[in-house]
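Secondary and tertiary structure notes
Each chain is listed here by its residues.
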Amino acid sequence: MDAAKRHGKKVVVGLAGGLLLVVGVVAIPYPGPGWLIVFAALAILATEFEWAGRILHFAKGKYDAWQHWLAAQSAVVRALFWCATAIVVVLTVWLLNGYGFMCDILGLDWPWAHSPLPIFAR
């Protein structure tokens, strides 16, 4: 493979893996495969970038340690963790105007459901 093709492949892998990594990081607190997306993105990046392989190995270790720690906690601590996660999800959906969007679709006049951020001002 000549240098131009190698460089082109590295750029494509870097852009695709980087975009997927951003999507995965954003998806982490939400129900679904946030961490799976992050690990997949790092695996894609690791095909061309050695640093991504090191981060992937490190992140997997920290993720496994976190899961082990959380499983060893009392039901109260686990419930508090899940409640905090739910609060993060609800607040970010509100800030990103998810509830306001649904109110607009459903024809509901609930001003409090709209995001306070100026970018979503009506």
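The notes below deal with the structure included here.

Calculation criteria
- Residues numbered from 1 in each chain as written.
- Predicted model: local features only at pLDDT ≥ 70, side-chain atom pairs only at ≥ 80, totals over all residues.
- Heavy atoms only, no water.
- Salt bridge = Lys/Arg side-chain N within 4 Å of Asp/Glu carboxyl O.
- Helix = DSSP H or I, 4+ residues; strand = E, 2+ residues; numbered from the N terminus.
- Buried < 20%, exposed > 50% of the residue type's maximum accessible area, 1.4 Å probe, protein only.
- Phe/Tyr/Trp six-rings, centres within 6.5 Å; stacked < 30°, edge-to-face > 60°.

If you walk through the whole model with that rule in mind, you get 2 salt bridges. Of the charged contacts in the structure, one is a salt bridge between K9 and E48, with a shortest N-O distance of 3.2 Å. Within this pair, whereas K9 is found in helix 1 (residues 3–27), its partner E48 is found in the loop between helix 2 (34–46) and helix 3 (50–71), the two being separated by 39 residues in sequence. When its relative accessible area of 42% is taken as the criterion, K9 is described as partly exposed. On the accessibility criterion, E48 (22% relative accessible area) is partly exposed. In this structure, the salt-bridge partner of R54 is E50, at a minimum N-O distance of 3.1 Å. Of this pair, R54 and E50 both sit in helix 3, 4 residues apart, which is roughly one turn of the helix. Accessibility expressed as a relative area gives 63% for E50, which makes it exposed.

Attention now goes to the packing of aromatic side chains. This model, assessed by the stated rule, comprises 8 aromatic pairs. Ring centres of F81 and W82 lie 4.8 Å apart, and the angle between their planes is 70°; this geometry places the pair in the edge-to-face category. By relative accessible area, W82 is classed as exposed at 53%. One aromatic cluster in this structure is built from W66, W69, F81 and W82.

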